[in-house]
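Remarks on the overall topology
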Amino acid sequence: MTSPVFTPRVFSGIQPSGGLTLGNYLGAIKRFVDMQDDAFETIYCMVDLHAITVWQDPADLRRNTRELCAGFIASGINPEKSILINQSQVPEHAQLAWIFNCVARMGWMQRMTQFKDKAGKNAQNASLGLFAYPALMAADILIYHATHVPVGEDQKQHLELTRDIATKFNHDFSVDFFPLTEPVIKGAATRVMSLRDGSKKMSKSDPSDASRINMTDDSDTIAKKIRKAKTDPDGLPSEAKGLEERPEARNLVNIYAALADQTVAEVLTEMGGKQFSEFKPILADLAVAKLSPISTEMARLVAEPDEIDRLLTAGAQQARDITAPILRQTYDIVGMIPPKHV
Ligand code: TYM
């Protein structure tokens, strides 16, 4: 059988489970914007069904979903070029996820490091949704037959599982229906680390606010957090080799490179030899210059929630033109009888 040629299509998602961090911006959103301008069809999603795998206060969930949508747009996602959706408004995601729950194996899910991290010691008390999380993520991607998924490093294992699910489905039903999606994990900031501890990922769930830059932080806060970021006593090397075993120094250089759209080598050619007392203010100025227009625009957009809701409704309609036929074909492959139109 010849393999079908899939239209180049990008899908990615972010959980509205708290504010956006610099990690989300550099590892994901900034790269979503770049791909929007390439020759891809692009679909970006606020994954509210994923967010509720751990407890979310309903009012916070609504606010965070709108704020995330504002963050996407303020960062440069153009609803005229990309389809922007809220996951729960496109029911085919959850419908395909059920099929995938029946394809994926318990053992596959048990190996997921994100589940182990999030469930912690008391896995018996984790929600069933948290366990099944990667099957819903595979459905998010495959309900569009997406070919490329830009993400940060921490999502790599989930994307491998997405390929495993597609392969097993295709094999079980002797079809070549779902593509083997390519993860796109590129650039200097695929893993932005905590500003307080270079061995930990920058995360919205870290109890220390000083560990991260939030996309809603004002200029003074951003500058203060960078000034106080943990470093070591040495200056900046002039080659990347000199950053080995220096996780905090490497992290600040990576952040600079990603914000400046430069490679680490280019940054070090320019900055090598500087002390952190000199480099940190330069980094802070760059971060403020790049991030403060985004936070100002986010504040303007969240003040108009009706406009955001309208955009998301339009996005869901566009999305369903793609997802409804793919779900119909999936049901047919599995052997489900379609409703008769009378
Ligand atoms: P989430 O909401 O945890 O993170 C969203 C995106 O931000 C990236 N990211 C980072 N990148 C670099 N450094 C960091 N410190 C950092 N923190 C977060 C993540 O890698 C991710 O790309 N499971 C996903 C959401 C999801 C999804 C999908 C993604 C649901 N369905 C389908 C892609 C395709 C998640 O929890 O992302």
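Quick note: structure is the one above.
These notes cover the structure that comes with them. (Residues numbered from 1 in each chain as written. Predicted model: local features only at pLDDT ≥ 70, side-chain atom pairs only at ≥ 80, totals over all residues. Heavy atoms only, no water.)

1. Quick notes on the site of the ligand
The cut-off we apply is this: Here a residue counts as near a molecule or strand whenever at least one of its heavy atoms sits within 4 Å of it. Pairs of N or O atoms within 3.5 Å make up the polar contacts considered here, provided that, within protein, one atom can donate a hydrogen while the other can accept it, and that residues adjacent in sequence are counted only when both atoms are side-chain atoms. For every accessible area listed, the method is Shrake-Rupley and the probe measures 1.4 Å; residues are considered covered only by the protein chains on display. Going along the chain from the N terminus, every DSSP run of H or I of four or more residues is numbered as a helix, and every run of E of two or more is numbered as a strand. Note on residue categories: nonpolar means Ala, Val, Leu, Ile, Met, Phe, Trp, Tyr, Cys or Pro, charged means Asp, Glu, Lys or Arg, and polar means any other residue, Gly included.
What surrounds the ligand is a group of 27 residues, the closest being Q15, Y133, D140, D154 and V192. Within the side chain of D140, a nitrogen or oxygen atom sits 2.6 Å from a nitrogen atom of the ligand. Within the contact set of the ligand, a nitrogen atom lies 3.0 Å away from a backbone nitrogen or oxygen of M202. Against a free-state accessible area of 710 Å², the protein chains account for coverage of 97% of the ligand. Counting residues per element, the ones that place at least two in the shell around the ligand are β1 (9–14), α1 (22–36) and α7 (128–142). For the shell around the ligand, a count of residues per class yields 12 nonpolar, 10 polar and 5 charged.

2. Some words on helix α10 (residues 247–260)
Going by this rule: Each helix should span, by expectation, one fewer than its residue count multiplied by 1.5 Å. Buried means the residue's accessible area, taken with a 1.4 Å probe over protein chains only, is under 20% of the maximum for its type, while exposed means over 50%, and partly exposed covers the values in between. Whether two residues touch is decided by their heavy atoms; if any such pair falls within 4.5 Å, the residues are in contact.
Between the first and last C-alpha of α10 there are 20 Å, a value that for 14 residues agrees with the 20 Å anticipated at 1.5 Å per step. Taken across its 14 residues, α10 has 11 buried, putting it largely inside the fold. Considered for burial, the residues of α10 that qualify are E248, A249, N251, L252, V253, N254, I255, Y256, A257, A258 and L259. On its buried face, α10 sits against α1, α11 (264–271) and α12 (276–302).

3. Structural notes on the side chain of T65
For T65, the position within the fold is in helix α3 (residues 58–75). Classification of T65 by relative accessible area gives buried; the value is 7%. With residues up to four places along the chain from it excluded, the contact list for T65 reads P16, M46, D48 and N86.

4. A look at a positive patch on the surface
What counts here: Residues enter patches when their relative accessible area tops 30% and they take part in no salt bridge; the joining distance is 9 Å for like charges and 5 Å for the nonpolar side chains Val, Leu, Ile, Met, Phe, Trp and Tyr. When a carboxyl oxygen of Asp or Glu is within 4 Å of a side-chain nitrogen of Lys or Arg, the pair counts as a salt bridge. Only four residue types enter the tally: Lys and Arg on the positive side, Asp and Glu on the negative side; His and the chain ends are excluded. The atoms used to mark charge sites are NZ of Lys, CZ of Arg, CG of Asp and CD of Glu.
A cluster of basic residues, R196, K224, R227 and K228, forms a positive patch on the protein surface. Note that K224 resides in helix α9 (residues 219–227). Note on K224: relative accessible area 45%, which makes it partly exposed.

5. Considering the side chain of Q56
Tracing the chain through its elements places Q56 in the loop between α2 (48–51) and α3. Looking at Q56, the relative accessible area reads 12%, which means it is buried. Side-chain polar atoms of Q56 contact the backbone oxygen of A51, separated by 3.1 Å. If we skip the residues at most four places from it in the chain, Q56 touches P16, S17, A51 and L61.

6. A word on the environment of F115
Looking at the element boundaries, F115 is found in helix α6 (residues 113–119). When the C-alpha positions of F115 and L130 are compared, they lie 6.8 Å apart, and in sequence the two are 15 residues distant.

7. Topic: the state of the cysteines
Two cysteines joined by a covalent bond between their sulfur atoms form a disulfide. Basically, it comes down to this: Disulfides are defined as cysteine sulfur pairs within 2.5 Å.
Enumeration according to the criterion identifies 0 disulfides in this entry. Considering cysteine sulfurs only, C69 is the nearest to C45, which forms no disulfide, with 11 Å between them. Residue C69 is classed as buried on the basis of its relative accessible area of 0%.

8. Here we look at the pattern of salt bridges
Here the idea is simple: oppositely charged side chains can pair when their charged atoms come close. The tally for this structure, following the rule as stated, stands at 19 salt bridges. Two residues, R212 and D209, come together in a salt bridge whose shortest N-O distance is 3.5 Å. For R212, a relative accessible area of 9% puts it in the buried group. Between K225 and D209 there is a salt bridge, with the nearest N and O atoms lying 3.0 Å from each other. Here the residue K225 occupies a position in helix α9, and D209 occupies one in the loop between β5 (182–184) and α9, the gap between them amounting to 16 residues. The exposure class of K225 is buried, given its relative accessible area of 8%. Each member of the salt-bridge network shares a partner with another, and the members are D209, R212, D217 and K225.

9. A short note on the packing of α3 against α12
Selection rule: Helix axes use the C-alpha atoms of the stretch in contact, all axes being lines fitted to C-alpha atoms, and the angles between their N-to-C directions lie in the range 0 to 180 degrees. When describing relative orientation, an angle under 35 degrees is termed roughly parallel and one over 145 degrees roughly antiparallel, while 65 to 115 degrees is termed roughly perpendicular and anything else oblique. Should the near helix be turned counterclockwise from the far one by less than a right angle, the crossing is left-handed, whereas a clockwise turn marks it as right-handed.
Two numbers describe how α3 lies on α12: the axes approach to 8 Å, and their chain directions differ by 130°. With respect to α12, the element α3 is oriented oblique. Of the two possible hands of crossing, α3 and α12 adopt the one that is right-handed. Residue-level inspection shows R66, E67, A70, G71, I73, A74 and S75 of α3 in contact with α12, the latter providing I294, E297, M298, L301 and V302. For the contact of α3 with α12, the per-class residue count stands at 7 nonpolar, 2 polar and 3 charged.

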